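Examination of the molecular architecture
What follows is each chain in one-letter form.
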Amino acid sequence: MTDIARAGTYALGDRTVKRLGYGAMQLAGPGVFGPPKDRAGAIAVLREAVARGVDHIDTSDFYGPHVTNEIIREALHPYPDDLVIVTKIGARRGADASWNPAFSAEDLTGAVHDNLRNLGVEALDVVNLRIMLDVHGPAEGSIEAPLSILADLQRQGLVRRIGLSNVTARQVAESRSIATIVCVQNQYNLVHRGDDALIDDLAASGTAYVPFFPLGGFSPIQSAALNQIAEGLGATPMQVALAWLLRRSPNILLIPGTSSVEHLRENLAATDFDLSDDTMAALDRIAPRPVEG
């Protein structure tokens, strides 16, 4: 059986987790909306993840909404002492399954209480503030107001640690005068490399970086070069893409998601592959080159 501990650990504030975790987004229905077709299967995936050593689960009460947290509670509560559950606030789902900003004090406070209730805990391990200035990606603008509200909820004892999601380097810098930031969660993968400099800056300060869509998300990574490298290693392309992330920087924590036990095992087995310098260089060349201005 794969031992995911061989990929090492990293700090989330004063907690330490294994670098390969699990993202619960895909446990909801299509489009991360409504219930899954196979609730028992979703519960089985969560229990298998924990049984195989996963101690970092990423979720949000706006997945579903409420669905993934309710499934996590049913599958795993009472939670193992070493399990860190990271959730997100800052968005709400419309009746049409749209993703909408939810930054008011009432919105953020309500979201924290929704997560507490549906996860069945008295305090949330880590809460990422999802910035929604642009739903499609990071956009500049002050985040002081919503982050100050979250920091106040932390002072009330409802939130233990604070992270950020969908943010720019400038917003990370702004946040440090408001709260201690334990992680940043942005889109990043083998072909989506916009955060290269931010990852290195966070590593220098001992802050975790948690890439969402590590395998491309709703549009999985497609690359003939990746396929060829994977074939040579006896791995799947997605295992190689995850292994690349693990080697890219020691502060990267992975949360690949799936609703399949078989696929979960494949993802965790990414820790079995040690990529050589030559392989890393070949994988680095897959990313699109910036257009010269």
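Residues numbered from 1 in each chain as written. Predicted model: local features only at pLDDT ≥ 70, side-chain atom pairs only at ≥ 80, totals over all residues. Heavy atoms only, no water.

As a further point, take the UniProt feature "domain: NADP-dependent oxidoreductase" (unreviewed entry) in the protein. As recorded in UniProt, the feature "domain: NADP-dependent oxidoreductase" (unreviewed entry) lies at residues 19–217 and 224–286. Split by type, residues 19–217 is 33% helix and 19% strand. Its first and last C-alpha atoms lie 19 Å apart. The distance from the first to the last C-alpha atom of residues 224–286 is 9 Å, and the span holds 60% helix and 0% strand. (UniProt positions renumbered as here; feature names shortened; annotations may be inferred. Helix = DSSP H or I, 4+ residues; strand = E, 2+ residues; numbered from the N terminus.)

Pairing in this open sheet of 7 strands is parallel, and the strands run 3-4-5-8-9-10-11 from one edge to the other. Across the chains shown, the open sheet's two edge strands, defined by having one partner strand only, are strand 3 (22–23) and strand 11 (208–209). Where strand 4 (residues 56–58) lies against strand 5 (residues 84–89), 3 bridges are found, and the strand directions are parallel. Its bridge partner lying in strand 5, Asp58 is registered against Val86. (Pairing = 2+ DSSP bridges.)

Looking now at the packing of aromatic side chains. One pass over the full model with this rule turns up 5 aromatic pairs. Between Tyr188 and Tyr209, the aromatic rings sit 5.8 Å apart at their centres with planes inclined by 85°, giving edge-to-face as the arrangement. Here Tyr188, found in the loop between strand 10 (181–185) and helix 6 (196–204), pairs with Tyr209, found in strand 11; they are 21 residues apart in sequence, far enough to count as distant. Given the relative accessible area of 0%, Tyr188 is considered buried. Measuring from centroid to centroid gives 5.3 Å for Phe212 and Phe213, while their planes differ by 85°, and the two rings are edge-to-face. Exposure remark for Phe213: the relative accessible area of 23% places this residue in the partly exposed category. The residue whose ring lies beneath Arg93 is Trp99, and the NZ or CZ to ring-centre distance is 3.6 Å. (Phe/Tyr/Trp six-rings, centres within 6.5 Å; stacked < 30°, edge-to-face > 60°. Buried < 20%, exposed > 50% of the residue type's maximum accessible area, 1.4 Å probe, protein only. Lys NZ or Arg CZ within 6 Å of the ring centre and 35° of its normal.)

A separate point is the environment of Asn128. Relative to the elements of secondary structure, Asn128 occurs in strand 8 (residues 124–130). According to the relative accessible area criterion, Asn128 is buried, its value standing at 1%. Taking the C-alpha atoms as reference points, Asn128 and Ser165, separated by 37 residues in sequence, lie 6.0 Å from one another.

Moving on, we come to the packing of helix 1 (residues 39–51) against helix 9 (residues 261–268). Put simply, helix 1 and helix 9 touch, their axes get as near as 9 Å, and they point 30° apart. With respect to helix 9, the element helix 1 is oriented roughly parallel. Crossing handedness for the pair helix 1 and helix 9: right-handed. The residues of helix 9 that touch helix 1, namely those facing Ala44, Val45, Glu48 and Ala49, are Val261, Leu264 and Arg265. (Axes fitted to C-alpha atoms, helices over the stretch in contact; angles between N-to-C directions. Parallel < 35°, antiparallel > 145°, perpendicular 65-115°, else oblique. Left-handed = near helix turned anticlockwise from the far one by under 90°. Contact = heavy atoms within 4.5 Å.)

Another aspect to go through is the pattern of salt bridges. In this structure the tally under the stated criterion is 16 salt bridges. Here Asp196 makes a salt bridge to Arg248, at a shortest N to O gap of 3.3 Å. Highlighted residues: Asp196 in helix 6 and Arg248 in helix 8 (residues 237–248), separated in sequence by 52 residues. Note that Arg247 is salt-bridged to Asp277, the shortest N-O span being 2.3 Å. (Salt bridge = Lys/Arg side-chain N within 4 Å of Asp/Glu carboxyl O.)

Moving on, we get to unusual backbone geometry. Here the bond from Gly64 into Pro65 is cis, since omega is -10°, no more than 30 degrees from zero. Tracing the backbone shows Pro65 in the loop between strand 4 and helix 2 (67–76). Residues His77 and Pro78 are joined by a peptide bond in cis, for which omega reads 0°. Along the polypeptide, Pro78 turns up in the loop between helix 2 and strand 5. The phi torsion at His66 lies on the positive side, around 75°, for a residue other than glycine. Tracing the chain through its elements places His66 in the loop between strand 4 and helix 2.

A few words on the nonpolar core. By size, the foremost hydrophobic cluster in this structure holds 80 residues, and its most contacted members are Tyr22, Leu46, Ile72 and Leu283. The dominant element in this core, judged by the number of residues it contributes, is helix 8, at 8 residues. Ranked by size, the runner-up nonpolar core spans 12 residues in total, among them Val86, Val182, Cys183 and Val210. (Core = buried A, V, L, I, M, F, W, Y, C linked by side-chain atoms within 4.5 Å.)

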